[in-house]
Amino acid sequence: MAYLFQIDCVRYACSCGSLKSIAKIYFCRHCLSIRCGYCVCHEVDSYYCSNCLENPPASEVRLKKYKCSNCFDCPCCFETLSIRSGQVLVKSLHTTQEESKPVTKKIYYLSCTLCRWSSRDAGIPDQTVATGSWREQESPNTYRITALINFYKILGSIEKQQKERKKFQSKRIFLQFEKFGITSTMARKRVGQLPLLQSNTQSDQPQPSEASEEIEELSQDIFTKSIDITKITTLDQRLQHPELQVENINELRPQRKQFIVKRSQRCRFCEHTVSKPDYCPTSTKFKIQLAAFYHVPELRIVACEPLRLGYSSELLLKFCNPTQHQTQIILLSMDTPMMPTTTTLQGIKEEINRENVQMGCDSPNLLPSAVRQAIVVEEGRQVNIVINAEVILPSSSFILPPRDDAAEYDDPSDSQNSQDDPKLVVWRKGNKAIIRLDVIPYVDKDKMVKDEPIVVGLAMQYGYINTIATLEHKAPQKLDLKVKLFLTLGNLVHNIL
Amino acid sequence: MSDLMSPSSRRFNIKIGSGALVCEEAILKGDITIGSHTVVHPRASIIAEAGPIIIGEGNIIEEMSTIINRISPDDTGTPVQIIGNYNVFEVDSTCEASKVGDNNVLECKAYVSKQVELTNGCVIGASCSLRDEEVVPENTIIYGSQCHRREMNDKPYPQLGQLEYLMKMLLGYHHIYKPNMPPPKTESST
Ligand SMILES: [Zn+2]
Ligand SMILES: [Zn+2]
Ligand SMILES: [Zn+2]
Ligand SMILES: [Zn+2]
């Protein structure tokens, strides 16, 4: 998600310890914590071509070597090539009349709109049909690679058979197949297949490659000939097609366009999906999108007075509540415990453990366990950032009303809440409020790195309504969640008044 | 339009060849010669600051593009900026080059400085700029954010279809300067 030109002034601490802008983090509604790209499982949903939007099934994709059969990339600048058509005059040979009339024929060639490379540059003959006839460049090692792949396939199947045999060895129920070295299950599988070629495996083994000491001689003028850079391929161009790595520009050939993936992301702790795109490649929508942007109050820096060592500067922060529920925001110091809390009917604060968070269904992962990615949970890392200013935290809290899309079109007058501390809340409209805080950069010069921007840290506690519980006919759970925020305020002003 | 701004009063040093289409909304300053069948769009600027500008045949000079013969401190005498035939100056491109050959294309927002000489069939890609002194070899293309270079096999084709289309369209919607140069002798025979 693009977010205000991707400026990372306000960063949220993810539960894994990385710092990201709100546009790049997710909020898992099931374990009530912030997740980011580093601490979720990435799963490929589908493959598609970004140019023609074809999305073949996964098995076909593998056969196509993860490349689109119709679209090509420019070998020179890696943009998508477009198919151009032209007309040529062809003398028809079939006319019985003496004067053969020239016939116009449609021809096609590939051309790049960015760098004007064309298939004609490479000497590829023009085609008479627009798609399908473009031949792909053969890798010189194709034969060897397929031989090796086939050999390893055989090895793999032998290993599998051995494992299967071991599994059944202890049982020894059906002995009639044992003398042939296979179990009954294997025998059932083998029905209708080619006879086992176990003895042949030795002869199938491809020739091992041999290292050679002889190296091709460099040409005599290698150091004296002046080179024309415009005719030699760049490193990028060579690595784009590693099998060939051609040296001269005119040897470049169009490359089939690689498929890109639609992926869903899954929380590693509870296995619930935090992001799942629509299957259709033309759609940019999501089936599930638990972006933090929709659940966690958003914080933006409105203004900050010039920062001076040891002097307090005014900092205006704008908070925005994206949820349908009213929320109370309390700003706390960095060292407060981050566990979510709830207030019981008796008004007692209670810590919530992962176990008693009201979760939805327990097994959200419908994929068979064999396909499923093994989930590795890593320990959260320490947030590695130097805080070099103190923020004076307010003693009072403030309330953000729920989001109301219709209110956007209402009377634009500012609505002041009478309960607000006028020293804290300076502006308020709809679900947004601007508050005023004071920031004092630390005087301690040893800690200061020269020309490092000033960073302040604070913890935000916000009210959250767990609506998953309502699906199970329970009263929605009111929770107080906390998130650590790091604000980059800019550099110190050096000329002290 | 006031008399001061009328084309006849400031056109004395602007020569326009027969068949050229120069819109009145174009910004023309100084001693300019525009060859036949050249199209100058509205809001294009041709500014002969240091010396005259001579533009050849069949060029397309698009909106917001600038061709300028800029004054520089190391000029000796009056430098003449010469632009050849069938060049295309796309939207918001700037050409200060002292000499431009034939069949060159300056794509959108391209910039070519005064020290540069464009030969024939060169393409300066969108947003690419050439600032150092050089003679760009024929059929060179400069493209991408890194200003990569390559030699093309073929020069860009003259935009004859586009020229023809523009002649029709612009004439229908804009006031144009009347050509004031006699057609060249080779053409008068046809
Ligand atoms: Zn994370
Ligand atoms: Zn495609
Ligand atoms: Zn290209
Ligand atoms: Zn979770």
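None of these values were measured; they are calculated from a predicted model. Going along each chain's sequence as written, the residues are numbered from 1 onward. Written order determines the labels here, with chains lettered from A and ligands numbered from 1. With the structure being a predicted model, the display of local features is reserved for residues of pLDDT at least 70 and the display and counting of side-chain atom pairs for 80 or more, all residues being used for whole-chain, interface and lining totals. To obtain the side-chain values, all non-hydrogen atoms of the structure were included, while hydrogens and water were left out.

A look at the packing of aromatic side chains
By convention, a stacked pair of Phe, Tyr or Trp rings (six-membered ring in the case of Trp) has centres within 6.5 Å and planes under 30 degrees apart, an edge-to-face pair has planes over 60 apart, and any other such pair is tilted. Tallying each qualifying case throughout the model produces 5 aromatic pairs over all chains. Consider the ring centre and the ring normal. A charge sits over the ring if Lys NZ or Arg CZ is within 6 Å of that centre and within 35 degrees of that normal. The residue whose ring lies beneath A:Arg120 is A:Tyr109, and the NZ or CZ to ring-centre distance is 3.8 Å.

Some remarks on the coordination of the zinc ion (ligand 1)
All names here are of chain A. Distances from the zinc ion (ligand 1) to its protein donors, Cys14 (SG), Cys16 (SG), Cys36 (SG) and Cys39 (SG), fall within 2.2 to 2.4 Å. Coordination partners: N, O, S within 2.8 Å of the metal, 3.2 Å for Na, K and Ca; water not considered, so apparent gaps in a site are possible. Angular criteria define each label, namely tetrahedral for four donors with all angles between 85 and 135 degrees, square planar for four and octahedral for six donors with opposite donors over 155 degrees apart and remaining angles between 65 and 115, and irregular for whatever fails these tests. Classification of the site at the zinc ion (ligand 1) rests on its 4 donor atoms, whose angles at the metal span 100 to 116°, yielding the label tetrahedral. Mapping the donors of the zinc ion (ligand 1) onto the primary sequence gives the spacing C-x1-C-x19-C-x2-C. Each residue is placed in one exposure class: buried if its accessible area under a 1.4 Å probe, protein chains only, is under 20% of its type's maximum, exposed if it is over 50%, and partly exposed if it falls in between. We classify Cys16 as buried; its relative accessible area is 11%.

Considerations on the coordination of the zinc ion (ligand 3)
Residues and elements named next belong to chain A. In the first shell of the zinc ion (ligand 3), the protein supplies Cys74 (SG), Cys77 (SG), Cys112 (SG) and Cys115 (SG), at 2.2 to 2.3 Å from the metal. Coordination geometry of the zinc ion (ligand 3): the 4 donor atoms subtend angles of 102 to 118° at the metal centre, consistent with an arrangement described as tetrahedral. The exposure class of Cys74 is buried, given its relative accessible area of 1%.

Here's the deal with the interface of chain B and chain A
At the interface, 12 residues of chain B touch 12 residues of chain A. Summed over both partners, buried area is the accessible surface (1.4 Å probe) that two parts give up on being assembled. Of the roughly 1,100 Å² buried between chain B and chain A, counting both surfaces, carbon and sulfur atoms make up 50%. Every case where a carboxyl oxygen of Asp or Glu lies within 4 Å of a side-chain nitrogen of Lys or Arg is listed as a salt bridge. Scanning the region where chain B abuts chain A turns up 3 salt bridges. Residue B:Glu151 is joined to A:Lys231 by a salt bridge in which the shortest nitrogen-to-oxygen separation is 3.2 Å. In protein, a polar contact means a hydrogen-donor-capable atom and an acceptor-capable atom, both N or O and within 3.5 Å, with residues adjacent in sequence counting only if both atoms are side-chain atoms; elsewhere, any N or O pair within 3.5 Å suffices. Inspection of the region where chain B meets chain A yields 5 residue pairs in polar contact (both at pLDDT 80 or more). Helix and strand labels come from DSSP, where a helix needs a run of H or I of at least four residues and a strand needs a run of E of at least two; each type is numbered from the N terminus. Of all the secondary structure elements, the ones that give two or more residues to the side of chain B that touches chain A are β20 (140-143) and β21 (148-151) of chain B. In what follows, residue pairs with any heavy atoms lying within 4.5 Å of each other are defined as contacts.

Concerning the confidence of the model for chain A
Residues and elements named next belong to chain A. The predicted model of chain A averages 80 in pLDDT, with 76% of residues at 70 or higher. In this model residues 197-201 is a low-confidence stretch, pLDDT under 50, and it forms 5 contacts with partners more than four residues away in sequence or in other chains. Here pLDDT means the predictor's own confidence in every residue, given as a number from 0 to 100. For residues 358-371, every residue scores under 50 in pLDDT, and the model assigns this stretch 25 contacts once sequence neighbours within four places are set aside.

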